[in-house]
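# Analysis of the macromolecular model
The primary structure of each chain is shown beneath.
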Amino acid sequence: MMRQAGRYLPEYRATREKAGSFLGLCFNPELAAEVTLQPLRRFNFDGAILFSDILVVPYALGRNVDFVTGEGPKLEPIGAPETARSIRKEVDHGVLAPVYETIGRVKAVLPDDVTFLGFCGAPWTVATYMIAGQGTPDQAPARVFAYRHPDVFDDLIQVLVKASAEYLIRQIKAGVDAVQIFDTWAGVLPPEEFSRWCIAPTRRLVLAVRDAVPDAKIIGFPRGAGSSLERYVAEVPVDAVSLDWMIDKTFARERVQRVKPVQGNLDPLALIAGGRALDESVDAVMRAFSDGPFIFNLGPGITPEAPIENVERMLRRVRGR
Ligand code: CP3
């Protein structure tokens, strides 16, 4: 249920209010641990995902990051190559220290049979927010910037590979069992650019994490990759891949799940509708993937509008009761 998932729960909204701001919540270990654990109390999930956000990395690189309610994240955009060049090359782990403390607090109380997931954004996706300063329909500002100033853009990607690797390594050392790399905007890239800005940097990121933690468990999520997923699993040495709801299930089973375990891929909007549409969507996912290595999940996260009783209905159906 991860990926900006907290908002469907009233207890999340109450804690967020108490924290004041979204980043204030991310950097408050007591409240962030509480929010991480809330869904587990209700639903007895098999996994917990750290409460944080992919945009804490640009924040720890010294960029302004703000979360405006109802509007999403706002960063200071990067228009000129000089601005990109002036960005700090190293993250400030002092800024991220509360995240590592949150992990320790959650780990201390999490039952042993619940998997604890950490995460970061993939370099491409984080860079798109840094350039545009926000989410846009197809992250055109970053794509134009990368065509116009490929060397400067590549330098920014390198900074993000290093920062993200250090961030994931510290999360693992603090106690998460596995980490997921969210490449939310992978799908807007044409195939050649997908190799250059999604596959290559994610590969370097995974190898850097493995260099420090050889048995690190890593899940990749190149959202919207479509048929390029086949190349992604061949070239990025992740342990598993997350599937979005748009992917053809037969293709995903034959070309992806045969190579790597998969996670996914219920359409989150089926959870808003509920009823028969939800049941049929759950069944289709189970039919497609449950004969192989598989984690049932949304592809991607739940929306704030999803009624809690539909979540309960989905869980009963997945668990066969
Ligand atoms: O599910 C969880 O609560 C786990 C923690 C988590 C959050 N963000 C908390 C969050 C995770 C794993 C993320 C990942 C994330 N953040 C991604 C990648 C996954 C995806 O959804 O594609 C991206 C692109 C972001 C950046 C981001 N953060 C956006 C675009 C937004 C605005 C979303 C919106 O519709 O308003 C956020 C805010 C955010 N991150 C919220 C949460 C719980 C909602 C903030 C709130 O409380 O209002």
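Residues numbered from 1 in each chain as written. Predicted model: local features only at pLDDT ≥ 70, side-chain atom pairs only at ≥ 80, totals over all residues. Heavy atoms only, no water.

## So, the site of the ligand
This is how it is decided: A molecule or strand has a residue near it when one of that residue's heavy atoms lies within 4 Å. Polar contacts, as counted here, are pairs of nitrogen or oxygen atoms within 3.5 Å of one another; within protein the pair requires one atom able to donate a hydrogen and one able to accept it, and residues that are adjacent in sequence qualify only if both atoms are side-chain atoms. The helix count covers DSSP runs of H or I at least four residues long, the strand count covers runs of E at least two residues long, and both are numbered beginning at the N terminus. Gly is placed with the polar residues, together with every amino acid not listed as nonpolar (Ala, Val, Leu, Ile, Met, Phe, Trp, Tyr, Cys and Pro) or charged (Asp, Glu, Lys and Arg).
The environment of the ligand is formed by 22 residues, the closest being Ala5, Tyr12, Arg16, Asp53 and Thr184. Separating an oxygen atom of the ligand from a side-chain N or O atom of Tyr12 is a distance of 2.4 Å. Here an oxygen atom of the ligand sits 2.4 Å away from a polar atom, N or O, in the side chain of Arg16. Counting only elements with at least two residues in the shell around the ligand, the list comes to α1 (10-19) and β3 (72-75). Class assignment of the residues belonging to the shell around the ligand gives a composition of 13 nonpolar, five polar and four charged.

## Things to note about unusual backbone geometry
Glycine aside, residues mostly have negative phi angles, and peptide bonds mostly take the trans form. Put simply, the rule reads: For every residue, the accessible area (1.4 Å probe, protein chains only) is compared with the maximum for its type, and the residue is labelled buried under 20%, exposed over 50%, or partly exposed between those bounds.
Geometrically, the link from Gly264 to Asn265 is a cis peptide bond, its omega value of -25° lying close to zero. Its location among the elements puts Asn265 in strand β8 (residues 262-266). At Asn44, a residue that is not glycine, the phi angle is positive and equals roughly 55°. By the element assignment, Asn44 lies in the loop between α3 (29-43) and β1 (47-49). A relative accessible area of 57% means that Asn44 is categorised as exposed. One non-glycine residue, Gln139, lies in positive phi territory at about 50°.

## Digging into the side chain of Asp244
So the rule is basically this: Asp and Glu count as negative and Lys and Arg as positive, but His and the ends of the chain are not part of the count. By definition here, a salt bridge exists when the distance from a side-chain nitrogen of Lys or Arg to a carboxyl oxygen of Asp or Glu is within 4 Å. Any two residues whose heavy atoms approach within 4.5 Å at even a single point are treated as in contact.
Checked against the element boundaries, Asp244 lands in the loop between β7 (240-242) and α12 (249-257). For the buried Asp244, no salt bridge exists, and the shortest N-O distance to an oppositely charged side chain is 5.8 Å, to Arg223. Within the structure, the side chain of Asp244 is placed 3.2 Å from the backbone nitrogen of Ile247, a separation counted as a polar contact. In this structure, Asp244 is in contact with Phe221, Pro222, Arg223, Gly224, Ala225, Asn265 and Gly299, ignoring residues within four places of it in sequence.

## Brief notes about the packing of helix α7 (residues 123-132) against helix α8 (residues 140-148)
The test is simple: In this analysis an axis means a line fitted to C-alpha atoms, helices contributing only their contacting stretch, and an angle means the value between N-to-C directions, from 0 to 180 degrees. Working rule for angles: under 35 degrees goes down as roughly parallel, over 145 as roughly antiparallel, 65 to 115 as roughly perpendicular, anything else as oblique.
Look at α7 against α8: their axes get within 8 Å of each other, and the N-to-C directions meet at 100°. In terms of axis orientation, α7 runs roughly perpendicular to α8. Contacts from Trp124, Thr128, Ile131 and Ala132 in α7 reach Pro141, Ala142, Arg143 and Phe145 in α8. Along the lines of polarity and charge, the residues of the contact of α7 with α8 split into six nonpolar, one polar and one charged.

## So, the pairing of strand β4 (residues 115-121)
Put simply, the rule is: At least two bridges found by DSSP between two strands is the condition for calling them paired.
Most of β4 is tucked away: six of the seven residues are buried. One ladder, built from three bridges, connects β1 with β4; its direction is parallel. Bridge pairing in β4 places Gly47 opposite Thr115. Here β4 pairs with strand β5 (residues 178-183) via five bridges, running parallel. Paired with Cys120 across the strands is Ile181, a residue of β5.

## Details of helix α14 (residues 275-289)
Here is the rule: Take the residue count of a helix, subtract one, and multiply by 1.5 Å to get its expected span.
Compared with an ideal rise of 1.5 Å per residue, which puts 15 residues at 21 Å, α14 spans 22 Å between its outermost C-alpha atoms and is within 8% of the ideal. What α14 keeps buried is the set Leu278, Asp279, Val282, Val285, Ala288 and Phe289. Lining the buried residues of α14 we find α12, β8, α13 (268-273), β9 (294-298) and α15 (308-318).

## Some details on the sheet that holds β9
Spatial strand order, β1-β4-β5-β6-β7-β8-β9: seven strands in an open sheet with parallel pairing. This sheet does not close on itself; its edge strands, each paired only once, are β1 and β9. Shown here is a sheet whose adjacent strand axes are inclined to one another by a mean of 25°, direction ignored. Sheet topology places β5 next to strand β6 (residues 218-222); five bridges connect them, and they run parallel. Note on β6: the bridge partner recorded for Val179 is Ile218.

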